[in-house]
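Okay, here's what each chain looks like letter by letter:
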Amino acid sequence: MEIVKLALRNLLRQKRRTVLLGGAIAFCIMIVTVIDGFAGAFVDNLNANFADAFAGHVYIIGKEKNADKKIADVIRNDAVIMTALEDSKVSYKYISKRTSDDEANISYQGRTSLQTLTGIDFKEEPHFTDRVVLTSGSKEEMKSDPQGMLISKQVGSKLGVGVGDKVAVQTRTINGQYNLGEFNIRGVTTDSNMLFTACYVQMKYLNSLLGLAPGEYQSFGIYLNNPNDMDSAGAALFKELSDHAQVFPRDISKKGTNAFVAFLNQGKNDTWKGTKYQITTINDILPQVQQTSNILKAVGTGMLILLFIIIMVGILNTFRIIMFERIREIGTMRALGMQRKEVRNLFLFEAGFMSIVGLIFGFLLAGIVMLVISSITFPPASDISIALKAGHITFLPSVAQTILNILIVVGLTLVAASIPARNAAKLEPAAALRAVR
Amino acid sequence: MRRIFTVFVLALLCFPLLWAETDFAAILKDVDSLSDFGNKDYTAIYAITTEKPDEKPVNMEIKLFRRDVQDQFVISIRKPKEQKGQGYLKKGDTIFFYDPSSGEIVPTTSLKNVGDSSAQNRDFEKYTYSDDYRIASTSESQIGKYPVWVIDLTGATSKVPYQHVKLFVRKDNHIPLMEEDYAVSGGLLRTVKFAPTYIKIADKLVPAKFKIEDNFNKGEQSLLEILDITLTKLSDSIFTPEFLKMAQ
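Residues numbered from 1 in each chain as written. Chains lettered and ligands numbered in written order. Predicted model: local features only at pLDDT ≥ 70, side-chain atom pairs only at ≥ 80, totals over all residues. Heavy atoms only, no water.

(A) Region of the structure containing the overall build of chain A. Looking only at helices and strands, chain A has 15 helices and 12 strands in total. Its C-alpha atoms put chain A at 100 × 50 × 35 Å along the principal axes. Residues counted as buried form 49% of the 437 residues belonging to chain A. Entry remark: accessible area of chain A is about 20900 Å², with carbon and sulfur atoms responsible for 60%. Positive and negative side-chain charges in chain A, numbering 46 and 37 respectively, have mean positions lying 14 Å apart. (Helix = DSSP H or I, 4+ residues; strand = E, 2+ residues; numbered from the N terminus. Buried < 20%, exposed > 50% of the residue type's maximum accessible area, 1.4 Å probe, protein only. Areas by Shrake-Rupley, 256 points an atom, 1.4 Å probe, with all protein chains shown as cover. Lys, Arg positive; Asp, Glu negative; His and termini not counted. Charge placed at Lys NZ, Arg CZ, Asp CG, Glu CD.)

This is the structure in structure tokens:
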């Protein structure tokens with residue numbers, strides 16, 4: 001206990017030195033914590049945004065191939081999917097059914113915009129209606145208008161449309177034939193991200209334009225209770241659905257090919273009759289999302305180690321100087337009965353406490369930096385919007401990574417201080433007392 | 001009396017002719033044959049002027065290489081400078097697009113517009129109305145000084161991009177003067193107007209100029225003019241991705 005008190009007192013004796021070294025440690029840990037926090041939230045935000053954009057964490061798409069070898073996305077009867085979902089025991093919040101045309105040309109008074117038109121059954125999916133935020137218009141009017149459209153603010157501005165206006169839309173049927181429709185703008189949303197800017201319409205009317213019967217749709221999405229379960233959920237669904245229907249293999253990645261492109265092209269060279277299902281998750285089509293996060297975390301750890309090696313040199317030299325400055329003090333303490341081990345521990349405790357103080361301030365600084373950065377609002381369709389949460393960068397440092405960082409910092413500090421600590425411990429009392437600074 | 005009798009007999013003889021049904025299926029085949037050069041390779045240079053509201057007209061020049069017997073074509077964009085080097089390659093059912101700025105060849109469709117023009121890839125392929133469409137109804141009309149047959153077509157397969165097409169074909173030589181393309185719902189999407197000026201090649205009369213009007217994006221149109229056209233044997237290497245990348 002005395003050693004601990006002495007160590008703390010020694011730290012306060014040379015405030016400037018302590019502040020400088022501790023500050024360097026604090027800076028280092030701040031950088032690494034911010035990177036780790038960003039990497040942690042990056043994956044979560046990406047998954048959440050993709051889940052919103054594609055209506056689920058796990059998707060099932062039905063595909064049919066016609067005599068002309070064209071593939072059409074259609075789920076005509078989802079009884080087999082519902083059975084597989086029940087049998088798989090996947091824990092989910094809700095399901096979504098979607099029809100979409102991702103190259104719909106919307107026209108209004110000579111202005112046009114190519115957009116994704118997503119058909120939703122608004123009465124069956126209250127979770128969607130609850131989530132969507134309107135800047136103008138009415139959700140109730142949208143629900144009651146068979147030809148209603150919710151248009152994003154960005155697209156609305158481009159076309160110069162507002163609530164109550166009628167737009168013409170050129171779409172294509174599932175067989176690729178052009179079709180024309182008209183929609184009434186019932187609301188303007190804030191929904192948009194880098195992936196696409198979706199306009200939402202009633203599924204029944206969109207189905208009629210796409211050549212789908214009422215009740216048919218194209219993709220079945222599952223919102224999981226825990227997004228981290230998406231891999232196991234996908235595997236479980238695949239197993240159950242394979243027992244009752246034709247299903248494409250899930251392992252679509254080939255060396256040298258982009259997983260998303262492989263996902264889009266799956267089935268092009270195959271032939272089959274009836275509906276064949278494609279089950280996929282965000283992790284399947286964007287494996288680089290998790291890879292990016294892992295890389296960011298690895299970069300963070302690497303930076304920490306690199307920066308700290310530099311700081312270690314500083315700690316080593318500083319404690320050497322401390323040792324020489326206090327050589328007579330060490331001699332006195334040794335003469336008074338302090339053992340070698342206690343001298344060594346004194347130095348190590350000093351270094352340890354300095355690193356802890358540096359850590360505390362580093363985390364505080366990181367918290368402030370993260371708070372400031374997360375208060376910045378980015379425009380909805382900015383380049384990084386896919387990684388944002390409601391237009392803000394968010395941070396989610398991981399407990400495991402933080403503990404690892406603490407251990408690295410404290411460990412390397414002790415390693416750096418151990419050499420001068422050992423040398424100080426080896427000093428003979430008489431020689432130390434005689435030493436001239 | 002004899003004169004009256006002669007006229008009467010002649011009228012009787014002509015009577016069946018007056019009521020003879022026009023063979024519109026044959027007319028459609030004639031239309032298709034205008035762009036069918038059999039096993040000959042077709043090379044043409046097109047100048048395309050595209051107009052859009054509130055924008056300056058854009059002039060494009062493309063070179064088309066076509067081998068109908070193998071259902072292949074290559075379109076190479078030569079002008080403007082910003083799009084020079086871009087191109088399309090059709091092999092079988094697949095069309096690929098190449099952009100030198102990305103260096104990648106990616107799949108596209110026959111419905112994709114060539115550059116920023118209103119012309120689609122399919123506008124440069126041979127006509128296949130008799131295979132792809134059924135005749136729904138026919139009527140007569142007049143375009144300028146030309147009497148025309150108006151042939152209403154309905155898609156026979158799901159391959160066709162426009163479920164309904166109205167062809168306005170000259171009665172005298174079965175060359176189309178106009179085509180109206182309709183959506184599944186019946187809305188007019190596109191009008192192609194062929195000028196009655198022709199280039200004669202291999203005993204066929206090919207319209208030298210035609211205009212494509214976008215009826216959905218009102219005000220957008222492209223005027224296409226054939227600058228040069230030949231039927232000479234092309235090397236097989238032209239219908240390859242490597243040529244597409246090199247063609248300038």
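Still to come is the rest of the account.
(B) Inspection of the nonpolar core at higher detail. Membership of the largest hydrophobic core comes to 38 residues, with the highest contact counts inside it found for F308(A), I315(A), F319(A), I330(A) and F347(A). When contributions to this core are tallied by element, the ones reaching two or more residues are α1 (2–13), α2 (15–54), α11 (287–325), α12 (327–335), α13 (340–374) and α14 (399–426) of chain A. (Core = buried A, V, L, I, M, F, W, Y, C linked by side-chain atoms within 4.5 Å.)

(C) Helix α2 (residues 24–34) of chain B, seen in detail. Residue and element names in this part refer to chain B. Listed in full, the buried residues belonging to α2 are F24, I27, L28, V31, D32 and L34. Along the axis of α2, the buried residues cluster in a sector spanning 155°; they form a single face. The inward-facing, buried residues of α2 contact α3 (129–132), β7 (133–143), β8 (146–155), β9 (164–170), β10 (176–182) and β13 (204–207). Residue D23 occupies the N-cap position of α2, its side-chain oxygen lying 3.3 Å from the main-chain nitrogen of A25. (Arc of directions from axis to C-beta. Contact = heavy atoms within 4.5 Å. Polar contact = N/O pair within 3.5 Å; in protein donor to acceptor, adjacent residues only side chain to side chain.)

(D) Spatial organisation of a nonpolar patch on the surface. On the surface, a nonpolar cluster with roughly 470 Å² of combined accessible area is contributed by I356(A), V357(A), I360(A), F361(A) and L364(A). You can see F361(A) is positioned in helix α13. (Patch = residues over 30% accessible without salt bridge, like charges linked within 9 Å, V, L, I, M, F, W, Y side chains within 5 Å. Salt bridge = Lys/Arg side-chain N within 4 Å of Asp/Glu carboxyl O.)

(E) Just the interface of chain A and chain B, in detail. At the interface, 19 residues of chain A touch 18 residues of chain B. Taking both partners together, chain A and chain B bury about 1600 Å²; carbon and sulfur atoms supply 50% of that area. Broken down residue by residue, the surface that chain A buries against chain B is led by Q177(A), Y178(A) and L180(A), which jointly contribute 41%. Between chain A and chain B we count zero salt bridges in total. (Buried area = accessible area lost by both parts, 1.4 Å probe.)

(F) Summary view of the environment of V74(A). All names here are of chain A. When you line up the elements, V74 lands in the loop between β2 (71–73) and α3 (79–88). Distance in space between the C-alpha atoms of V74 and E216 is 6.9 Å, their sequence separation being 142 residues. Beyond its immediate sequence surroundings of up to four residues, V74 is in contact with G62, K63, E64, L212, E216, Y217, Q218 and T275.

(G) Expanded view of the confidence of the model for chain A. In the predicted model, chain A carries a mean pLDDT of 85, and the fraction of residues at 70 or more is 92%. Mean pLDDT across the elements of chain A bottoms out in helix α9 (residues 259–265) of chain A (67) and peaks in helix α7 (residues 203–210) of chain A (96). (pLDDT = per-residue confidence, 0-100.)

(H) Spatial organisation of unusual backbone geometry. Residue and element names in this part refer to chain B. Here K79 and P80 are connected by a cis peptide whose omega angle stands at 0°. Here P80 shows up in the loop between β3 (72–79) and β4 (87–91). Unlike most non-glycine residues, D203 shows phi in positive territory, near 65°. Look at D203 and you get exposed, because its relative accessible area is 72%.

(I) Quick peek at the environment of G331(A). Residue and element names in this part refer to chain A. Examined against the element boundaries, G331 turns out to sit in helix α12. On the basis of relative accessibility, which here comes to 1%, the residue G331 falls in the buried class. Separated by 11 residues in the primary sequence, G331 and E342 have C-alpha atoms spaced 13 Å apart. Sequence-distant contacts of G331, that is, excluding residues within four places in its chain, are made with P429, A432 and L433.

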